[in-house]
Amino acid sequence: MSARILIVLLLYLIPCILNAQNEGKECMLTEEFTADSLKNTQPEESKFLKTSKNIFNKAVDWFNATDTTYILPNKYNLTFMLEQSTWFEHYRLGISGENGNQVLGFAPKVNTKLGLYFGWRWIFLGYSFDLSSLFKKEREKTRTEMVFNLYSAKFGLDLYYRKSGNNFKITSCKNFNLSEDYVGTNFSGFQSSIKGLNAYYIFKSDKYSYPAAYSQSTNQKKSCGSFMAGFAYSQHQLTFDQSKLPQKIQEQINPSSAFRKLNYTDYNLSFGYGYNWVFAKNCLLNISLLPAIGYKKARINDMQDTEDFSWTKWVNDINFDLITRAGITWNNTKYYVGATFILHTYDYRKDKFSMTNSFGSLKIYAGFNFWKRKK
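For clarity, every value in this text was computed on a predicted model and none was experimentally measured.

1. Here's the deal with the overall build of the protein chain
Across its full length, the protein chain holds five helices and 18 strands. In the protein chain, which comprises 375 residues, the proportion classed as buried is 38%. Nonlocal contacts in the protein chain, meaning residues at least 24 apart in sequence, comprise 73% of its contacts between residues at least 6 apart. A total of about 22,300 Å² of accessible surface is found on the protein chain, and carbon and sulfur atoms cover 60% of it.

Here it is, written out as structure tokens:
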């Protein structure tokens, strides 16, 4: 092995020695190889890093691109906000049968929360608590509400989970022959839960700002609107015990209402429009509607729908949903105050009964920004 190495070294060294003698230059084998390796590898690595950096910078610029004649970016890094929120939900059960089209409505008691929030740019963290729970002697069944909203320039995202308690009341009772009014009567035979996500894209985000109306992270300087498109996925679980209804209603209710559980999954595509109206200096009013067409797959009483698949059946599983938003705010970049209203509506329909459920919130807030950003 040593003889082979010696021969290889001689083959490299002899030309170098001859060249050095002829031109009076020194030749070093290791230096040549080191220089060549640097020349071959360094430009490729730099080119790769430069390309990656350019792609990242262009993506950030595209994501945050705004027309400053319409939208003024927030000048501060941090914010503190006090918020009062009112949460509500409603369920409308439609029942078809021999006694006509009957309607029963149910809703839990509206609850009000007070929250403190601390934010960095468009991320808010905080805690809220139910004001009425401070004065209740009897504890009701746990009621859970968790909502995460992301309002960025081009994209928006809603994540939510809600589980009802046991404090429902009858809100409507139509097409029943009753001697007394049962609206407002307590009803413990209804419970629900919903979880899902809603994502959407704003087409004209350089001039139309959703964050200006709902997260106070920008300021809308001139009125503008934009079309929006989105996708949503949600899971609904409803339980209904009609034996806990008032006796007179039980005697007249159509047999098609005799379901104990209704679980359905909803996939929908939405397309709508939102508009920011700057009606005075630092004052903004937003209204947006996102109608959606949804496909719902259901299980009734823990049984999968056993009907044979057909084009007609597939079409019958398509229903319509709606997401409504409205917001009004005054924001001078340092201090802000305002209110927002958000409502999600889902519609499930079959031949003999239908269920329309909706939930939403009304929020009133006030806060201030601090720690100004560097230019």
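Let's pick the thread back up.
2. Digging into the nonpolar core
Core analysis: the largest hydrophobic core is formed by 27 residues, its most contacted members being Leu104, Phe106, Phe190, Phe240, Leu245, Leu262 and Met355. Contributing elements (two or more residues each) for this core: β2 (76–95), β3 (102–108), β8 (168–174), β10 (190–202), β12 (224–240), β13 (261–280), β17 (335–349) and β18 (353–372). Those residues in contact with Leu245, other than ones at most four positions away along the chain, are Leu104, Phe106, Ile170, Phe187, Phe240, Gln250 and Ile253. Core analysis: the next-biggest nonpolar cluster, separate from the first, contains 17 residues, Tyr200, Ile202, Tyr208 and Tyr214 among them.

3. Re the pairing of strand β16 (residues 318–331)
Relative to β16, strand β14 (residues 283–300) runs antiparallel, the two being bridged by 13 bridges. The partner of Ala292 across the bridge, within β16, is Asp321. Pairing geometry for β16 and β17, over 10 bridges, is antiparallel. Bridge pairing in β17 places Ile323 opposite His344. Taking the residues that link successive antiparallel strands as the turn, the β16-β17 hairpin has three residues, and the phi of Thr333 there is positive, at about 80°.

4. Comments concerning the environment of Lys334
Mapping Lys334 onto the fold places it in the loop between β16 and β17. For Lys334, a relative accessible area of 25% puts it in the partly exposed group. C-alpha of Lys334 to C-alpha of Gly367: the two residues are 33 residues apart in sequence and 8.7 Å apart in space. Here Lys334 is in contact with Tyr76, Gly367, Phe368, Asn369 and Phe370, once residues within four sequence places are set aside.

5. A short note on a nonpolar patch on the surface
Taken together, Phe80, Leu82, Leu116, Phe118, Trp330, Tyr335, Val337 and Phe368 make up a surface patch of nonpolar side chains, about 720 Å² in accessible area. Where the nonpolar patch is concerned, the elements lending two or more residues are β2, β4 (111–120) and β17. Look at Phe80 and you get partly exposed, because its relative accessible area is 32%.

6. Focus on the environment of Ser128
Residue placement: Ser128 occurs in strand β5 (residues 123–130). Through-space distance from the C-alpha of Ser128 to that of Leu116 is 6.5 Å; in sequence the pair is 12 residues apart. Aside from chain neighbours lying at most four places away, what touches Ser128 is Lys113, Leu114, Gly115 and Tyr117.

7. A closer look at the pairing of β17
Pairing analysis gives 15 bridges linking β17 to β18, with the strands arranged antiparallel. Bridge pairing in β18 links Tyr348 to Met355. Between β17 and the antiparallel strand that follows it, β18, lie three residues.

8. Considerations on the confidence of the model for the protein chain
Confidence in the prediction for the protein chain averages 81 pLDDT; 78% of positions are at 70 or higher. Across the protein chain, the secondary-structure element scoring lowest on mean pLDDT is helix α1 (residues 2–23), at 45, and the one scoring highest is β13, at 95. Within the model, the stretch residues 1–18 combines pLDDT values under 50 with six contacts to residues more than four positions away or in other chains. The low-confidence segment residues 20–35, where pLDDT is below 50, has eight contacts with residues more than four positions distant or belonging to other chains.

9. A short note on the pattern of salt bridges
In this structure the tally under the stated criterion is five salt bridges. The partner of Arg349 in a salt bridge is Asp347, with the nearest N and O atoms 2.8 Å apart. For Asp347, a relative accessible area of 13% translates into the label buried. One continuous salt-bridge network, built from bridges that share partners, spans Asp266, Lys296 and Asp321.

10. Describing the packing of aromatic side chains
How two aromatic rings sit relative to each other is set out by the distance from centre to centre and by the angle between their planes. Tallying each qualifying case throughout the model produces 29 aromatic pairs. Centre to centre, the rings of Tyr200 and Tyr210 are 5.7 Å apart; their planes meet at 80°, and the pair counts as edge-to-face. Here Tyr200, found in strand β10, pairs with Tyr210, found in the loop between β10 and α3 (211–214); they are 10 residues apart in sequence, far enough to count as distant. The exposure classification of Tyr200 matches that of Tyr210, with both residues buried. Judged by centre distance (5.3 Å) and plane angle (50°), the rings of Tyr233 and Tyr267 are tilted. Of this pair, Tyr233 sits in strand β12 while Tyr267 sits in strand β13, and the two are 34 residues apart along the sequence. Clustering of aromatic rings is evident, with ring pairs tying together Tyr91, Phe106, Phe168, Phe187, Phe190 and Phe240. One residue, Lys222, lies across the ring of Tyr70, its end atom 4.7 Å from the ring centre.

What counts and how
- Residues numbered from 1 in each chain as written.
- Predicted model: local features only at pLDDT ≥ 70, side-chain atom pairs only at ≥ 80, totals over all residues.
- Heavy atoms only, no water.
- Helix = DSSP H or I, 4+ residues; strand = E, 2+ residues; numbered from the N terminus.
- Buried < 20%, exposed > 50% of the residue type's maximum accessible area, 1.4 Å probe, protein only.
- Contact = heavy atoms within 4.5 Å.
- Areas by Shrake-Rupley, 256 points an atom, 1.4 Å probe, with all protein chains shown as cover.
- Core = buried A, V, L, I, M, F, W, Y, C linked by side-chain atoms within 4.5 Å.
- Pairing = 2+ DSSP bridges.
- Patch = residues over 30% accessible without salt bridge, like charges linked within 9 Å, V, L, I, M, F, W, Y side chains within 5 Å.
- Salt bridge = Lys/Arg side-chain N within 4 Å of Asp/Glu carboxyl O.
- pLDDT = per-residue confidence, 0-100.
- Phe/Tyr/Trp six-rings, centres within 6.5 Å; stacked < 30°, edge-to-face > 60°.
- Lys NZ or Arg CZ within 6 Å of the ring centre and 35° of its normal.

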